[in-house]
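Examination of the molecular architecture
If you want the building blocks of each chain, they are given just below.
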Amino acid sequence: MTLAVVQPAFAQQLGLPQSGILTISSDRLFSESEFGKRVFQEIETEGAALAAENERIVEELSKEEKDLTEQRATLTAEEFRPLAEAFDEKVQSHREGQRAKLDALARRSEEARSTFTKLAEPILIGLLRDAGASMILERSYVFLSSDALDITDAAIDRIDTVIGDGGNQRIDGGE
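Below: a short report on this structure. (Residues numbered from 1 in each chain as written. Predicted model: local features only at pLDDT ≥ 70, side-chain atom pairs only at ≥ 80, totals over all residues. Heavy atoms only, no water.)

Describing helix α5 (residues 152-163)
- Given a rise of 1.5 Å per residue, 12 residues ought to cover 16 Å, and the 16 Å separating the end C-alpha atoms of α5 matches this to within 8%.
- Of all the residues in α5, the buried ones are Thr152, Ala155, Ile156, Ile159, Asp160 and Ile163. Down the axis of α5, the buried set is contained in an arc of 130°. They therefore lie on one face. Residues of α5 that are exposed and angled more than 90 degrees away from the buried face: Thr161 and Val162.
- Residues of α5 that are buried in the fold lie against β1 (21-24), α2 (26-31), α3 (34-72) and α4 (77-131).
- Remark: Gly164 follows α5 within two positions and exhibits a positive phi of approximately 55°. (Helix = DSSP H or I, 4+ residues; strand = E, 2+ residues; numbered from the N terminus. Expected span 1.5 Å × (residues − 1). Buried < 20%, exposed > 50% of the residue type's maximum accessible area, 1.4 Å probe, protein only. Arc of directions from axis to C-beta. Contact = heavy atoms within 4.5 Å.)

Below you can see the structure in the form of structure tokens.
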């Protein structure tokens, strides 16, 4: 019985709600944490590099297409056809390569979120215990609740303190 009296006071001292159920915004948790900000910056930088590479490739292919179009006037259909087919294959290959790079970047983002969740879980369990709560619900799935039950800010603070930007964690799910 003493634990029930001590637990709410302890939760209150920590600035946590005194409730058996807490809510959290997992999107904010990730995006506003140092870890999430680092990952977003890395993904954005790689995405910009990929976009620049794609622009360069499109420019090269456009020039090559123009040259090929000019050659068409001087070549027979039999001479031109293999050149056109080779160009089409090259374009398809570049498209597939760029698509694969975009897919890999998206997978890295998903894996980073998974890594973050694994690292954050023990911290969230600690918050759960400290608040004397029995569960944490995703805020976006809750129809109605008091803002006082949301522990997202407290969770971000603790996660930033414990894992920081996670710079020692690879964002491909490895360590």
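Additional details are given in the paragraphs that follow.
So, the pattern of salt bridges
- Within this structure, the stated rule accounts for 12 salt bridges.
- A salt bridge links Arg113 to Asp27; the shortest N-O distance between them is 2.8 Å. Of this pair, Arg113 sits in helix α4 while Asp27 sits in helix α2, and the two are 86 residues apart along the sequence.
- Classification of Arg113 as partly exposed rests on a relative accessible area of 28%.
- A salt bridge links Arg139 to Asp150, with the nearest nitrogen and oxygen atoms 3.4 Å apart. Of this pair, Arg139 sits in the loop between β2 (135-138) and α5 while Asp150 is found in the loop between β2 and α5, placing the two residues 11 residues apart along the sequence. (Salt bridge = Lys/Arg side-chain N within 4 Å of Asp/Glu carboxyl O.)

Some words on a nonpolar patch on the surface
- A cluster of nonpolar side chains, contributed by Ile21, Met135 and Leu137, occupies part of the molecular surface with about 220 Å² of accessible area.
- Looking at where Ile21 falls in the secondary structure, it is placed in strand β1.
- According to the relative accessible area criterion, Ile21 is partly exposed, its value standing at 36%. (Patch = residues over 30% accessible without salt bridge, like charges linked within 9 Å, V, L, I, M, F, W, Y side chains within 5 Å. Areas by Shrake-Rupley, 256 points an atom, 1.4 Å probe, with all protein chains shown as cover.)

Coordinates in, geometry out; function isn't part of it.
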